[in-house]
Amino acid sequence: MPAGKRQVDFDRPVILGIRPEELKAVARDEASVTGIIDVVEPTGPETMVTVQVGEQSIIARLPPRFAGRREEPIFLAVDPASVNLFDPGSERRIDI
């Protein structure tokens, strides 16, 4: 766990929350998340990429010249300090 966050042992499911701007496209060996590109949406100052990770879809906000294409693998990294956890029942953030 990063500085400022405490180690938490969960005996129940949690929801992992990551903002799209916290995901970065990286090389395979640097990835903490691997998925398949579903949608690439250039918007000018950024490119929004929808990625299928298992049964979940996530969105990454990537640089404007991102060159990935639909159905290609993508490797993403996230700074653990930017991750939030939520209780699936109440949807409230869990302080860590």
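Look up: the structure comes first, before these words.
Residues numbered from 1 in each chain as written. Predicted model: local features only at pLDDT ≥ 70, side-chain atom pairs only at ≥ 80, totals over all residues. Heavy atoms only, no water.

1. What to know about the overall build of the chain
Basically, it comes down to this: Only DSSP runs of H or I covering at least 4 residues are called helices, and only runs of E covering at least 2 are called strands; the numbering of each starts at the N terminus. Three exposure classes are used, based on accessible area relative to the maximum for each residue type with a 1.4 Å probe and protein chains only: buried under 20%, partly exposed in between, and exposed over 50%. Two residues qualify as a contact provided that any one of their heavy atoms is within 4.5 Å of a heavy atom in the partner residue. Method for areas: the Shrake-Rupley scheme with a 1.4 Å probe, in which residue coverage is limited to the protein chains shown.
Looking only at helices and strands, the chain features zero helices and eight strands. Along the chain, from the amino end to the carboxyl end, the secondary structure elements read β-β-β-β-β-β-β-β. Among the 96 residues that make up the chain, the fraction classed as buried is 26%. For the chain, the share of sequence-separated contacts (at least 6 apart) that also reach a separation of at least 24 residues comes to 62%. As displayed, the chain offers around 6800 Å² of accessible surface, 49% of which is attributable to carbon and sulfur atoms.

2. Considerations on the pairing of strand β4 (residues 47-53)
Definition in use: A pair of strands counts as paired when DSSP detects no fewer than two bridges linking them.
For β4, the buried fraction is high: five of the seven residues fall into the buried class. Alignment of strand β3 (residues 33-42) against β4, held across six bridges, turns out to be antiparallel. Residue Glu 41 lies in a different strand from β4, and its bridge partner there is Met 48. The antiparallel hairpin formed by β3 and β4 contains four residues in its connecting segment, where Gly 44 sits at a positive phi of about 105°. Pairing of β4 with strand β5 (residues 56-62), which is carried by seven bridges, proceeds in the antiparallel orientation. Across the sheet, Val 49 pairs through a bridge with Ala 60, a residue of β5. Adjacent in sequence and paired antiparallel, β4 and β5 are bridged by two residues, among which Gly 54 carries a positive phi angle near 65°.

3. Things to note about the pairing of strand β6 (residues 73-78)
For β6, the tally of buried residues reaches five of six residues, placing the bulk of the element in the interior. With three bridges connecting them, strand β2 (residues 23-25) and β6 associate as antiparallel partners. Opposite Lys 24, over in β6, you have Ala 77 as the bridge partner. Here β3 runs beside β6; their pairing, made up of four bridges, is antiparallel. Residue Val 33 lies in a different strand from β6, and its bridge partner there is Leu 76.

4. Some details on the sheet that holds β2
Rules: To get an axis, fit a line to the C-alpha atoms, keeping to the stretch in contact for a helix; angles then go from 0 to 180 degrees between the N-to-C directions.
Pairing is antiparallel across the open sheet formed by five strands, whose spatial order is β2-β6-β3-β4-β5. Edge positions in the sheet fall to β2 and β5, since each of these pairs with one other strand and no more. The sheet shows a mean angle of 45° between the axes of neighbouring strands, taken without regard to direction.

5. A closer look at the sheet that holds strand β1 (residues 15-17)
If you trace the three strands from one edge of the open sheet to the other, you get β1-β7-β8, paired in antiparallel fashion. Every interior strand has two partners, whereas the edge strands, β1 and β8 (93-94), have only one. Relative to strand β7 (residues 84-86), β1 runs antiparallel, the two sharing three bridges. Bridge pairing in β7 links Gly 17 to Asn 84.

6. Observations regarding unusual backbone geometry
One non-glycine residue, Glu 71, lies in the positive phi region at around 75°. A relative accessible area of 58% places Glu 71 in the exposed class.

Spatial relationships are all this shows, so hold off on functional conclusions.
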